[in-house]
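Close look at the chain arrangement
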Amino acid sequence: MRKNNVYIETYGCQMNVADSEVVMGILQNNGYAFTDQPDNADVILLNTCSIRDNAEQRIYGRLGNLKKYKDDHPGLVLGVLGCMAERLRKDLIEEKKVVDIVIGPDEYRRLPEFIDHAFAGEKGIGVKLSKTETYDDIIPYREDGLSAWISVMRGCDKFCTFCVVPFTRGRERSRSLSSIVDEIALLSKRGFREVSLLGQNVNSYYDEAGYDFADLLAAAAMVDRKIRIRFTTSHPQDLSDKLLYTIAGHPNLCNYIHLPVQSGSNRILELMNRTYTIEHYLDLIDRARNIIPGVSFSTDIISGFPTESLEDHLMTLDVMNKVRYDGAYMFKYSPREGTKAFRMEDDVDEETKTKRLQQIIDLQQRISAEINNALTGTTDIVLVEGFSKKSEQFMSGRTDTNKVVVFPAMDSISPGDYVRVKIIKSTSATLFGDNPEIVDKYQPSEKLTA
Ligand code: 5AD
Ligand code: SF4
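Cut-off values and rules
Residues numbered from 1 in each chain as written. Chains lettered and ligands numbered in written order. Predicted model: local features only at pLDDT ≥ 70, side-chain atom pairs only at ≥ 80, totals over all residues. Heavy atoms only, no water. Domains from an automatic or database assignment. Contact = heavy atoms within 4.5 Å. Buried area = accessible area lost by both parts, 1.4 Å probe. Salt bridge = Lys/Arg side-chain N within 4 Å of Asp/Glu carboxyl O. Polar contact = N/O pair within 3.5 Å; in protein donor to acceptor, adjacent residues only side chain to side chain. Nonpolar A, V, L, I, M, F, W, Y, C, P; charged D, E, K, R; others polar. Helix = DSSP H or I, 4+ residues; strand = E, 2+ residues; numbered from the N terminus. Phe/Tyr/Trp six-rings, centres within 6.5 Å; stacked < 30°, edge-to-face > 60°. Buried < 20%, exposed > 50% of the residue type's maximum accessible area, 1.4 Å probe, protein only. Lys NZ or Arg CZ within 6 Å of the ring centre and 35° of its normal.

**Notes on the domain arrangement of the protein chain**
If you check the domain split of the protein chain, you get domain 1 (5-126), domain 2 (142-254), domain 3 (257-373) and domain 4 (379-446). Counting residues at the interface gives 11 residues for domain 2, matched by 14 residues for domain 4. Summing both partners gives a buried area of about 990 Å² for domain 2 against domain 4, and 53% of it is carried by carbon and sulfur. For the pair domain 2 and domain 4, the interface holds 0 salt bridges. The tally of links between domain 2 and domain 4 comes to 6 residue pairs in polar contact (both at pLDDT 80 or more). Here the side of domain 2 that touches domain 4 is composed, by residue class, of 4 nonpolar, 1 polar and 6 charged.

Dropping the structure here:
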């Protein structure tokens, strides 16, 4: 029997989740099948992340386990995909001899060939970055479901000084608008209800026909009004008014913008090469709030970047108080080899980084709880995902601003329905709703008039 069972484990961001589906699409076209049990696999692939040291350490740990497993299963092929490929290739193929295949984000088309060679005992390395590869023509492999991720652009040209992405994923390039619209149409036929458009910096989207990201969002929104569209990540430098008006103009474009600020100090932002000031950033938030009533924001924050003083840190807390984000992803600075910041001294000690990060987390939790609490008494539209984790008497779903809502289950309500619920109470993480009613027309902005 042909050895063709592949198990794939994905680490890191949603971009990697989308890439794993592209990889599976490529493998499926070449006769491979998939298993969710490593024990049944002939090929084990890890799709890896390099963004911070702790992500890499987890993967090194996992490879340590798999080395033992491989010793007991001699025919097994082990592959490393994704952002760690370039850095790992020497270490793992040449020195530690654990891995058979190392393949970077732009060479996935070669994977079937590499796997065939690996079964014949030959190791394979493909880590070249491409200026053009977008996997435009590959239909990703997806289980049926409600939510899908589509990567619309790859790479990043921003070169924030702390970030490895421009090195691990290479230059920016965009998929064609028409291929993305076709993919959404296929998802619509299969009953999907939510699509997230992904890119490291989606606002730089620009395809060969001259369409920008606002054009793409408008076209995506028109495919099926019952599919709501999310997108991430936006860079504050390129968020245009055209984009904001487009979001405001389509009910099924979510009123939710992930807009990483990273720091509240202009001095640190400059050292990070973020190319905006806090004044510009706050002005952008104001503009977005004026153009899209009810819009909510989330952000990324790094604590303890080189030279960050107490004063800089307080400025970050200050920005959080001014913007009042709905949510935040908060990290300790982690030096990454090859980046510009790696050459700066990592001079904020671990204890201070931890303390500052905790203050940032505590503040965000308080703000999230306050924002959620203020929603009591309003109504909102929820995309129903299924029964709640705790009980089949309740169902749960999300609002377009990405808040989890738990509400009483009813026989007439199924996953994939949109329901209007009245919010009756909340915690910092969850809203509780009552009186769910199915709605045909998806109009989340009606929460504003509640
Ligand atoms: N250290 C800590 N956080 C980082 N991020 C990116 N690089 C680093 C790093 N070296 C964070 C940024 C970015 C998010 C995806 O990860 O906040 O927006
Ligand atoms: Fe990294 Fe900055 Fe590009 Fe985001 S915009 S991927 S943080 S270099």
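On we go from here.
**Some details on unusual backbone geometry**
A cis amide bond, omega 5°, links T232 with the succeeding residue T233. Here the phi dihedral of F159 falls at roughly 55°; this positive angle occurs in a residue that is not glycine. Unlike most non-glycine residues, Q262 shows phi in positive territory, near 70°. Looking at the element boundaries, Q262 is found in the loop between β12 (256-258) and α9 (266-271).

**Digging into the packing of aromatic side chains**
Counted under the stated rule, the structure contains 8 aromatic pairs. Ring plane angle 80° and centroid distance 6.4 Å describe the contact between F162 and F305, whose orientation is recorded as edge-to-face. Note that F162 is positioned in the loop between β8 (153-154) and α5 (165-168) and F305 in the loop between β13 (296-303) and α11 (310-323), a separation of 143 residues in sequence. Owing to a relative accessible area of 12%, F162 belongs among the buried residues under this scheme. For F305, a relative accessible area of 0% translates into the label buried. Ring-pair connections join several aromatic residues into one group, and the members of that group are F162, F305 and Y333. Taking NZ or CZ as reference, R52 lies 3.6 Å from the ring centre of F331, over its face. A cation over a ring is seen here: K425 above F432, with NZ or CZ 5.0 Å from the ring centre.

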